[in-house]
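The lines below spell out each chain.
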Amino acid sequence: MNKKKIINDPVYGFISIPTELIFDLIEHPYFQRLRYIKQVGMTHLVYPGALHTRFHHALGAMHLMSMAIETLRNKGHAISDDEEEAVTIAIVLHDIGHGPFSHALEESIVEQISHEDISTMIMQRLNRQFNGQLSMAIEIFEDKYPRRFLHQLVSSQLDMDRMDYLNRDSFFTGVSEGVISSDRIIKMLNVVDDAIVVEEKGIYSIEKFLIARRLMYWQVYLHKTVIAAEQLLVKILKRSRELALRGEEVFTTPALSMFLKKPISREAFMREDHYLETFASLDDTDIMAAVKIWATHKDFVLSKLCTDLVQRDLYKVDITNEPPDAAFVRSLIQKAIKKYNISEHEASYFVFTDSIRNKAYRSDDGNICILMKDGSIKDITQASDNSNLEALAKTVKKYIVCYKKELVNG
């Protein structure tokens, strides 16, 4: 069978699958599931083109990794074929542990376990199926491989994951502020003392990368309507689980049922194989099929939330720099209790507060280092003459109030 496939990617053009092992991993059901999980959750309710998948993204990151390895080899760094294959496998599989609408699911159904944990577990299971051929890839993914710069290409503040999702998410949303010069950044990469650095002439491309990341967070990932849709899904999953744990009849697909109808501890998930196997069959279809059916559920709270999501009647979201006025929130809760004839607990599904954070650059989390012309190495915030970058290293915290519009207008 011919495994030297070429894929036509809308962002980069033609990209190649580099080895037969990587082809076999892409063909595996665990990876094919990513075709049915959207990369940016509910963002298509704001930007209709944002229907691209985690499958797209993983292949794009694979392509960028091939470019990065070629660049580093051309600069005299010895990277073996086995290391190239392993680091490429690590980036291909880096998101394999994501569930459908991942952040909503992590908050409301699978507790205390992150998609990174699940990615590691799936990679270990694949390693057994592929007779240990993923061992080096797992070491790189977990930052246990001696040549640590390889891990930085997979997971750092300037990794192939971030470069691809900024490129891809800006392409499919049409938000041009997210466009970055990934080709130029990759060409400027180098390795000094086993760490990835960027040559000084690439400094402006890095500045643009960090600014693009900040803008994409405010304009796409933390857009108030995207927040409204994601919070609505979080509340739907929370309510459906509350009803299911109370013993009420709640339709689910078989895969969703396992996580909805009984609490699962982190220890149990890590220990018992069937939880991972079931999780690895969950995709967006399970969630949306349930939401459509729950729209006619006898429970008022669940049916209203689901109907609102299906019809895109989302929460109104107020974003402020200061904590919201408690009296205003209290008055909205009272209005919800009266309007819907529900309890105070049930009203918390229609009126609630939360907070959001945006930090484009974390100087405490593996710095982006610039290799200066004199051979010295500086953090990007010190190397740049752009004073705005210091601000990008600060966490911006904002407060949100979510409530149904009709509680104010009606």
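Residues numbered from 1 in each chain as written. Predicted model: local features only at pLDDT ≥ 70, side-chain atom pairs only at ≥ 80, totals over all residues. Heavy atoms only, no water.

Participant: Looking at this structure, I do not really get the packing of aromatic side chains. What am I missing?
Facilitator: To describe a pair of aromatic rings, you give the distance between the ring centres and the angle between the ring planes. Per the stated rule, a full pass over the model turns up 13 aromatic pairs. With a centroid separation of 5.5 Å and an interplanar angle of 45°, the aromatic rings of phenylalanine 300 and tyrosine 340 are classed as tilted. Taken together, the residues span a long stretch of sequence, with phenylalanine 300 in helix α17 (residues 300-310) and tyrosine 340 in helix α18 (residues 326-340) at a distance of 40 residues. Aromatic side chains tyrosine 315 and phenylalanine 352 sit 5.2 Å apart centroid to centroid with 90° between the ring planes, which places their arrangement in the edge-to-face category. Of this pair, tyrosine 315 sits in the loop between α17 and β5 (316-320) while phenylalanine 352 sits in strand β6 (residues 351-358), placing them 37 residues apart in sequence. By the burial criterion, tyrosine 315 is buried, and phenylalanine 352 matches it. Pairwise contacts between aromatic rings join Phe259, Phe269, Tyr275 and Phe279 into one cluster. Across the ring face of phenylalanine 352, the terminal group of lysine 235 is positioned such that the distance to the ring centre comes to 4.2 Å. Above the face of the tyrosine 349 ring, lysine 238 is positioned so that its terminal group lies 5.9 Å from the ring centre. (Phe/Tyr/Trp six-rings, centres within 6.5 Å; stacked < 30°, edge-to-face > 60°. Helix = DSSP H or I, 4+ residues; strand = E, 2+ residues; numbered from the N terminus. Buried < 20%, exposed > 50% of the residue type's maximum accessible area, 1.4 Å probe, protein only. Lys NZ or Arg CZ within 6 Å of the ring centre and 35° of its normal.)

Participant: Explain α17 here, please?
Facilitator: For the α-helix, the turn length of 3.6 residues means that residues three or four positions removed from each other point alike. In terms of burial, α17 is largely enclosed, as eight of its eleven residues are buried. All of the buried residues in α17 are Val301, Leu302, Ser303, Lys304, Leu305, Cys306, Asp308 and Leu309. Where α17 is buried, its residues meet α12 (224-245), α16 (284-294), α18, α19 (344-347) and α22 (406-409). Where α17 terminates, the next one or two residues include arginine 312, which has phi positive at roughly 55°. (Contact = heavy atoms within 4.5 Å.)

Participant: Looking at this structure, how should I read the packing of α16 against α17?
Facilitator: Packed helices, taken two at a time, are described by their axes: the angle between them and the distance between them. The interhelical angle for the contact between α16 and α17, taken along N-to-C directions, is 120°, at an axis separation of 8 Å. Between α16 and α17, the angle falls in the class oblique. Our pair here, α16 against α17, has a crossing hand that is left-handed. Counting all contacts with α16, which are made through Val291, Lys292 and Trp294, the residues of α17 involved are Leu302, Ser303, Cys306, Leu309 and Val310. (Axes fitted to C-alpha atoms, helices over the stretch in contact; angles between N-to-C directions. Parallel < 35°, antiparallel > 145°, perpendicular 65-115°, else oblique. Left-handed = near helix turned anticlockwise from the far one by under 90°.)

Participant: Just checking my understanding: could you explain the environment of histidine 28 for this structure?
Facilitator: Position of histidine 28 among the secondary structure elements: in the loop between α1 (20-27) and α2 (29-32). What makes histidine 28 buried here is its relative accessible area of 12%. Separated by 98 residues in sequence, histidine 28 and leucine 126 place their C-alpha atoms 9.1 Å apart. Setting aside chain neighbours within four positions, we find histidine 28 in contact with Leu126, Gln129 and Phe130.

Participant: Sorry, what's going on with α18 here?
Facilitator: In this model, α18 (15 residues) spans 21 Å end to end at C-alpha, consistent with the 21 Å of a helix rising 1.5 Å per residue. On its buried side, α18 packs onto α17, α19, β6, β9 (396-403) and α22. (Expected span 1.5 Å × (residues − 1).)

Participant: I'm lost on the sheet that holds β9 in this one. Help?
Facilitator: The strands making up a sheet associate through backbone hydrogen bonding, with each pair oriented either parallel or antiparallel. Taken in spatial order, the three strands make up an open sheet running β5-β9-β6, and their pairing is antiparallel. At either end of the open sheet lies a strand with only one pairing partner, and these are β5 and β6. On average, adjacent strands in this sheet sit at an angle of 25° to one another, irrespective of strand direction. As paired elements, β5 and β9 share five bridges and run antiparallel to each other. Note that in β9 the partner of threonine 320 across the bridge is tyrosine 399. On top of the sheet, α18 reaches β5, β6 and β9; it is set at about 135° to β6, its chief contact. (Pairing = 2+ DSSP bridges.)

Participant: Got a minute to help me understand the pattern of salt bridges in this structure?
Facilitator: Two side chains with opposite charge may pair up if their charged atoms get near one another. Scanning the entire structure with this criterion turns up 26 salt bridges. Salt-bridge contacts for aspartate 24 lead to lysine 3; the nearest nitrogen and oxygen are separated by 2.9 Å. Of this pair, aspartate 24 sits in helix α1 while lysine 3 sits in the segment before β1 (6-9), placing them 21 residues apart in sequence. The class of aspartate 24 is partly exposed, set by a relative accessible area of 25%. With a shortest N-O distance of 2.9 Å, arginine 239 and aspartate 299 are connected by a salt bridge. Taken as a pair, arginine 239 in helix α12 and aspartate 299 in the loop between α16 and α17 lie far apart in primary sequence, 60 residues in all. For the pair arginine 239 and aspartate 299, one class covers both residues: buried. Where salt bridges share partners, they join Arg239, Glu242, Arg246, Glu248, Asp299 and Glu346 into one cluster. (Salt bridge = Lys/Arg side-chain N within 4 Å of Asp/Glu carboxyl O.)

Participant: I tried to follow the nonpolar core on my own but got confused; where do I start?
Facilitator: Core analysis: the biggest nonpolar cluster contains 143 residues, and Phe31, Leu93, Leu153, Met160, Phe269 and Trp294 have the highest contact counts within it. The element best represented in this core is helix α3 (residues 54-74), accounting for eleven residues. Sequence-distant contacts of leucine 153, defined by excluding residues within four places in its chain, comprise Met65, Ala68, Ile69, Leu72, Ile91, Asp159, Met160, Leu189 and Ile196. (Core = buried A, V, L, I, M, F, W, Y, C linked by side-chain atoms within 4.5 Å.)

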